[in-house]
Amino acid sequence: MSRAKGLTFAMGSVALVSAAQLGMRWSMTRLPEPSQWLDALSSGGIDYVALGVVLAGIFAYALSMLCWLLALRDLPLSRAYSLLSISYALVYLLAAGLPWFHEPFTLSKSLGVALVILGVITINSRSAPATSPRNTP
Amino acid sequence: MSLLLLLLACGLTCLGQVAQKFAVESWRDRPSSALQKLRSGWLWLALFSLGLGLLVWLLVLQRMEVGVAYPMLSLNFVLVTLIAHFVFREHIDRRHWLGVALVIAGVLLLSRHA
């Protein structure tokens, strides 16, 4: 039963971190670059919706870390990392599929994401060393 | 430039992970109160690097597609494996190295879209 709880928290962490990454990308493309921050402040040309989404993204990201820690109470670290690699595919597929992102599918990008996921699963397919990182930010 | 920022974000995150490890180990060696724990330099280094890493990451997302940049963060697995091997002298088996090679191949492929 605790295993099911661990899986639930891990999938919650995957969903939250994916939403956080997409939200941060959406909003950062609508905010000025660092060299234009002073101009934007003095002219008042700041998109407050985008600013709010950045903050919400950071909050969702922090919440995903919390879910991750709760998942680790019931799941071995290696299993949890393999599950986390689902978020790479999720973010790539959603950024390509959702209309707001304009990030087209290509063969080489898809292959790159697939290789990365295969690599992470291979690294964690046996008892992994305790030093494996939480893949942040 | 985007790739340099991405590497910087990875490096800062990795530094944060290592500092966390040192913080936890120093608490284990010397049992202390919560207040003393908060005075650990390693803890503050960990928080500082993770926070700065997040800020750098936001700048990466301003310049790169998230569908490309986010999977490239798996470079952290490579960095931490190298640190575990060369700094902490941990044994890394062949399957683990194979996974590291796969991650590097995937990241190289993705970096062409940076």
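Residues numbered from 1 in each chain as written. Chains lettered and ligands numbered in written order. Predicted model: local features only at pLDDT ≥ 70, side-chain atom pairs only at ≥ 80, totals over all residues. Heavy atoms only, no water.

Glancing now at the overall build of chain B. A count of helices and strands for chain B gives six helices and zero strands. In sequence order, the secondary structure elements of chain B are arranged as α-α-α-α-α-α. Each principal axis of the C-alpha atoms in chain B carries an extent, and together these give about 50 × 35 × 15 Å. Counting every position in chain B, which comprises 114 residues, the buried fraction comes to 46%. Residue pairs at least 24 apart in sequence account for 71% of intrachain contacts in chain B once pairs closer than 6 positions are excluded. (Helix = DSSP H or I, 4+ residues; strand = E, 2+ residues; numbered from the N terminus. Buried < 20%, exposed > 50% of the residue type's maximum accessible area, 1.4 Å probe, protein only. Contact = heavy atoms within 4.5 Å.)

Let us look at the confidence of the model for chain B. Across chain B, the average pLDDT comes to 90, with 100% of residues at 70 or higher. Two numbers describe this predicted complex: its pTM, 0.87, and its ipTM, 0.87. (pLDDT = per-residue confidence, 0-100.)

Below, the discussion takes up the interface of chain B and chain A. Contacts between the two partners involve 40 residues from chain B, matched on the other side by 47 residues from chain A. Connecting chain B to chain A are one salt bridge. E65(B) is the partner of K109(A) in a salt bridge, and the nearest nitrogen-oxygen pair spans 2.7 Å. Put simply, chain B and chain A have 12 residue pairs in polar contact (both at pLDDT 80 or more) between them. Counting residues per element, the ones that place at least two in the side of chain B that touches chain A are helix 1 (2-29), helix 3 (41-63), helix 4 (66-72), helix 5 (75-86) and helix 6 (94-111) of chain B. In terms of residues, the side of chain B that touches chain A owes the most to one element, helix 6 of chain B, which gives 12 residues. For the side of chain B that touches chain A, the class distribution of residues is 23 nonpolar, 11 polar and six charged. (Salt bridge = Lys/Arg side-chain N within 4 Å of Asp/Glu carboxyl O. Polar contact = N/O pair within 3.5 Å; in protein donor to acceptor, adjacent residues only side chain to side chain. Nonpolar A, V, L, I, M, F, W, Y, C, P; charged D, E, K, R; others polar.)

This next bit is on unusual backbone geometry. The phi torsion of most residues other than glycine is negative, and most of the peptide bonds are trans. In the Ramachandran plot, H102(A) falls in the positive-phi region, its phi being about 50° despite a non-glycine side chain. Along the polypeptide, H102(A) turns up in the loop between helix 5 (86-97) and helix 6 (107-123). Although it is not a glycine, R89(B) sits at a positive phi angle of roughly 55°. Inspection of the secondary structure assignment puts R89(B) in the loop between helix 5 and helix 6.

All names here are of chain A. Under the counting rule described, the total for this entry stands at three salt bridges over all chains. Of the charged contacts, one joins R25 and E103 as a salt bridge, the two residues approaching to 3.4 Å between their closest N and O atoms. Placement of R25 in helix 1 (residues 2-28) and of E103 in the loop between helix 5 and helix 6 is noted, with a sequence separation of 78 residues between them. For E103, a relative accessible area of 3% corresponds to the buried category.

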